[in-house]
Amino acid sequence: MQLKDRVALVTGAAHRLGKSVATALAEQGCHLVVHYGSSEEQAAQTVEELSNLGIEAVALSADLSLEQEIEGLFDRIDSHFGRLDILVNSAASFERQAFESVAASDWDRVMAVNLRAAFLCSRQGVRLMEADHPTGGPPGLILNIVDLSAVLAWPGYIQHGVSKAGLLHLTRIMARELGPEVRVNAVLPGAVLPPPGMTTDSTEWRRMGERLPVGRTGEPAQVGLTVVFLAENDFITGEVIYVDGGEHLLGAGHRRPGAES
Ligand SMILES: NC(=O)c1ccc[n+]([C@@H]2O[C@H](COP(=O)([O-])OP(=O)(O)OC[C@H]3O[C@@H](n4cnc5c(N)ncnc54)[C@H](OP(=O)(O)O)[C@@H]3O)[C@@H](O)[C@H]2O)c1
């Protein structure tokens, strides 16, 4: 798919990894819907920075744990752009919690954002993609951002890991169901951004990188590059690309310093 003048929605795009993905798409000429939950000021700042790249960007808020708000988000995209070509499901809730203390409400809260919202956004997104992509046209694209907890059994992240494993499987099921009008892929980043409270110049972050097969941590822009690659290559669907410096090769026994806190 040629990316110039396509319309992309990135959920959770006000800051951090979602912002990097939105920036990578904007640099290729995509117009951007910068979705945010509570980070209004950062979303406005992101829109300003993306607009400086010469594309149109708008910030739209929605609580992704609520179906009605998701519907409203897509109605506003329809009113504003009248189309959607790329949906990146990046927003997530990353919670560490001991198995015994996970209440039904904790389970539901994480599943609602990490898995159900991705499904509901995809269902809404497909409506806008298919309207604009009659059979024979370039397919739309859904990209799900997962993490290593989808494939490795990390203790202490039960609802998060199950939600990401579900998102990975949802990727494959949707790739079959939604073709040929829509392709669906996943990106699996590893240590590309330190967890809140840790800085990129800290000893923990450097040590985390030294333990990886590539010997260093990555950068959010490397995830953006992968998203652009998957968007441009129309012959890839149902695929997951690891952008983790080989961390998955170390197995679940390997613990990132600081990841536990
Ligand atoms: N950081 C990494 O190194 C890394 C590694 C592997 C995978 N990932 C994946 O990459 C994605 C982004 O990671 P990140 O570290 O940048 O995430 P983050 O800092 O935890 O940000 C999460 C985003 O999700 C949004 N969000 C959460 N709950 C929401 C809700 N109920 N309604 C609407 N928005 C909601 C937040 O929006 P607001 O701030 O506007 O509320 C925020 O932008 C996630 O899927 C994560 O699992 C990240």
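Residues numbered from 1 in each chain as written. Predicted model: local features only at pLDDT ≥ 70, side-chain atom pairs only at ≥ 80, totals over all residues. Heavy atoms only, no water.

J.: Now, about the pairing of strand β4 (residues 86-89): what can you tell me, with residues and values included?
T.: Residues I86 and V88 point to one face of β4 and L87 and N89 to the other, with burial holding for every one of them. Here strand β1 (residues 7-10) pairs with β4 via three bridges, running parallel. Each bridged residue has a counterpart across the sheet, and for L9 the counterpart in β4 is L87. Across four bridges, the pairing between β4 and strand β5 (residues 140-145) is parallel. The residue of β5 that forms the bridge with V88 is L143. (Buried < 20%, exposed > 50% of the residue type's maximum accessible area, 1.4 Å probe, protein only. Helix = DSSP H or I, 4+ residues; strand = E, 2+ residues; numbered from the N terminus. Pairing = 2+ DSSP bridges.)

J.: Describe the site of the ligand, naming the residues involved and giving the relevant values.
T.: Every one of the 25 residues lining the ligand counts as a neighbour, but R16, G37, S38, S39 and S90 are closest to it. Contacts to the ligand include D63, whose side-chain N or O atom sits 3.1 Å from a nitrogen atom. Compared with its free state, where it exposes 900 Å², the ligand has 83% of that area covered by protein. Elements represented by at least two residues in the shell around the ligand include exactly α1 (16-27) and β2 (31-36). (Near = heavy atom within 4 Å. Polar contact = N/O pair within 3.5 Å; in protein donor to acceptor, adjacent residues only side chain to side chain. Areas by Shrake-Rupley, 256 points an atom, 1.4 Å probe, with all protein chains shown as cover.)

J.: Break down the packing of aromatic side chains for me, citing the residues and quoting the values.
T.: The tally for this structure, following the rule as stated, stands at two aromatic pairs. Their ring planes at 10° and their centres at 5.2 Å tell us that F94 and Y157 sit as a pair that is stacked. Of this pair, F94 sits in the loop between β4 and α4 (104-132) while Y157 sits in the loop between β5 and α5 (158-178), and the two are 63 residues apart along the sequence. The class of Y157 is buried, set by a relative accessible area of 3%. A connected cluster of aromatic rings, assembled from ring pairs, spans F94, W154 and Y157. (Phe/Tyr/Trp six-rings, centres within 6.5 Å; stacked < 30°, edge-to-face > 60°.)

J.: Let's hear about the nonpolar core: which residues, and what values?
T.: Grouped together as the largest cluster of nonpolar side chains are 40 residues, with contacts concentrated most on L9, F74, I77, L84, L87 and I142. Broken down by secondary-structure element, the contributors of at least two residues to this core are β1, β3 (57-61), α3 (67-81), α4, α5 and β6 (182-189). With seven residues, α4 is the largest single contributor of residues to this core. Setting aside residues up to four positions removed in sequence, L87 forms contacts with L9, T11, F74, C121, S122, M129, L141, I142 and L143. C30, L141, V192 and V228 belong to the second-largest nonpolar core, a separate cluster that totals 35 residues. (Core = buried A, V, L, I, M, F, W, Y, C linked by side-chain atoms within 4.5 Å. Contact = heavy atoms within 4.5 Å.)

J.: How would you summarise the packing of α1 against helix α2 (residues 40-51) if you had to cite specific residues and measurements?
T.: Across the interface, α1 lies against α2 with an axial gap of 10 Å and an inter-helix angle of 20°. Between α1 and α2, the angle falls in the class roughly parallel. As for how α1 packs across α2, the hand of that crossing is right-handed. In this structure, α1 contributes K19, A22, T23 and A26 to the contact, and α2 contributes T46, E49 and L50. Residues of the contact of α1 with α2, tallied by class, amount to three nonpolar, two polar and two charged. (Axes fitted to C-alpha atoms, helices over the stretch in contact; angles between N-to-C directions. Parallel < 35°, antiparallel > 145°, perpendicular 65-115°, else oblique. Left-handed = near helix turned anticlockwise from the far one by under 90°. Nonpolar A, V, L, I, M, F, W, Y, C, P; charged D, E, K, R; others polar.)

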